[in-house]
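Summary of the model geometry
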Amino acid sequence: MKYVRFRDPAGAVRRGELESGHVHFANESYALEDDEIDVLPPCEPSKVVCIGRNYAAHADEMGNDVPDRPLLFLKPPNALAAHGDTVTAPAGKERIDHEAELGVVIGEQCRHVPESEALDVVEGYTCVNDISNRDDQREEQNWIRGKAFDGAAPMGPVLATPDEVPDDATVQTRVNGETKQDGSLDLLIFSIPELIAEITTYMTLEPGDVIATGTPEGVGPLEDGDDVEIEVEGVGTLEHSIRRP
């Protein structure tokens, strides 16, 4: 199943089931792309735990070695943006990049989860764009300016249950209709169970928290007015645009 979190015409926040391009809640049905509803991020995370360099080819294109354990950093709730939003990048920066990623949505509070039980705490999957301000990322170690600015984590448009997403699902970015990234989950260095086990060794994950699992090779710059599509096979396509002041 696929679920959409949205604000209905009366202003109430709902979660409906997506079927054939329509969102169904109670006795109502809305077209996903209809202006009648506002599509919201599919969950309300207390944090987004991001994984750096989890594809060998991406580490290589950035001139970095593959880490010997998952490279973790955080994005706070202010970084969330939704399907259809326009993300305003920090002003005066030379390079703002796209990074398509599978987002793992956590379904229950958990700590010290063994790999063998890790998938039991997963509610579903979504699309994430780990938008990156490279100017500041290169100048700092904690990547707050580079990764945690407002709108730096567009997410959605749906939460897909795990059965919808194949183990080798493709992960793609298209900018203005042109494919820029084309990877696959079977190229992840650290698997989803490994990531959950490692993260929960150090911190409690809450319901709705998201793990952004890393991006394949092909990251590149976004210009003012670009239309971005992040597609994960089995989930769908997250669409948003970029404003470069």
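The structure displayed is predicted, hence computed values, not measured ones.

Once that is clear, we can look at the domain arrangement of the chain. Segmentation of the chain into domains returns domain 1 (1-37) and domain 2 (41-243). Here domain 1 and domain 2 have C-alpha centroids that lie 24 Å from each other. Taken together, the contacts link 8 residues of domain 1 with 15 residues of domain 2. Taken together, the two surfaces of domain 1 and domain 2 that pack against each other cover about 940 Å², and 43% of this comes from carbon and sulfur.

Below, the discussion takes up the side chain of Thr173. As for its placement among the helices and strands, Thr173 is situated in strand β15 (residues 170-175). One polar contact links Thr173 to Gln181, side chain to side chain, over a distance of 2.8 Å. Setting aside residues no more than four positions away along its own chain, Thr173 makes contact with His98, Ala100, Glu178, Thr179, Lys180, Gln181, Val228, Glu229 and Ile230.

Glancing now at the state of the cysteines. If you walk through the whole model with that rule in mind, you get 0 disulfides. Cys43 forms no disulfide, and the closest cysteine sulfur to it belongs to Cys127, at a distance of 12 Å. For Cys43, a relative accessible area of 7% corresponds to the buried category. No disulfide involves Cys50; its sulfur sits 12 Å from the nearest other cysteine sulfur, which is in Cys43. We classify Cys50 as buried; its relative accessible area is 1%.

A sheet is described by the order of its strands in space; here 3 strands give the open sequence β13-β10-β18, paired in antiparallel fashion. The sheet terminates laterally at β13 (132-133) and β18 (220-221), the two strands that pair on one side only. In this structure, strand β10 (residues 96-98) lies alongside β18, joined through 2 bridges in antiparallel fashion. Opposite Asp97, over in β18, you have Pro221 as the bridge partner.

Our next topic: the packing of aromatic side chains. Describing an aromatic ring pair means giving the distance of the ring centres and the angle of the ring planes. The full count for this structure, using the stated rule, is 2 aromatic pairs. An angle of 70° between the planes, with centres 5.0 Å apart, marks the rings of Phe73 and Trp143 as edge-to-face. Separated by 70 residues along the polypeptide, Phe73 in strand β7 (residues 71-75) and Trp143 in the loop between α2 (134-137) and α3 (144-147) bring together distant segments of the chain. Of the two residues, Phe73 and Trp143, both sit in the buried class. When the ring centre of Tyr3 is taken as origin, the NZ or CZ atom of Arg15, which lies over that ring, is 4.3 Å away.

Quick look at the sheet that holds β15 now. Across the sheet, 5 strands lie side by side as β9-β20-β19-β15-β16; this open sheet has mixed pairing. Where the open sheet ends on each side, the last strands, each with one partner, are β9 (86-88) and β16 (178-184). Within this sheet the neighbouring strands show an average axis-to-axis angle of 25°, counted without direction. Looking at chain direction, β15 and strand β19 (residues 227-232) are connected through 5 bridges and run antiparallel. Across the sheet, Arg174 pairs through a bridge with Glu229, a residue of β19.

Moving on, we get to the nonpolar core. Core analysis: the largest hydrophobic core is formed by 53 residues, its most contacted members being Val4, Val104, Tyr125, Leu185, Ile196, Ile211 and Val235. Taken domain by domain, the makeup of this core includes at least three residues from each of domain 1 (1-37) and domain 2 (41-243). If sequence neighbours within four positions are ignored, Leu185 has contacts with Tyr55, Leu102, Val165, Pro166, Asp167, Asp168, Ala169 and Val171.

Basis of the calculations
- Residues numbered from 1 in each chain as written.
- Predicted model: local features only at pLDDT ≥ 70, side-chain atom pairs only at ≥ 80, totals over all residues.
- Heavy atoms only, no water.
- Domains from an automatic or database assignment.
- Contact = heavy atoms within 4.5 Å.
- Buried area = accessible area lost by both parts, 1.4 Å probe.
- Helix = DSSP H or I, 4+ residues; strand = E, 2+ residues; numbered from the N terminus.
- Polar contact = N/O pair within 3.5 Å; in protein donor to acceptor, adjacent residues only side chain to side chain.
- Disulfide = S-S within 2.5 Å.
- Buried < 20%, exposed > 50% of the residue type's maximum accessible area, 1.4 Å probe, protein only.
- Pairing = 2+ DSSP bridges.
- Phe/Tyr/Trp six-rings, centres within 6.5 Å; stacked < 30°, edge-to-face > 60°.
- Lys NZ or Arg CZ within 6 Å of the ring centre and 35° of its normal.
- Axes fitted to C-alpha atoms, helices over the stretch in contact; angles between N-to-C directions.
- Core = buried A, V, L, I, M, F, W, Y, C linked by side-chain atoms within 4.5 Å.

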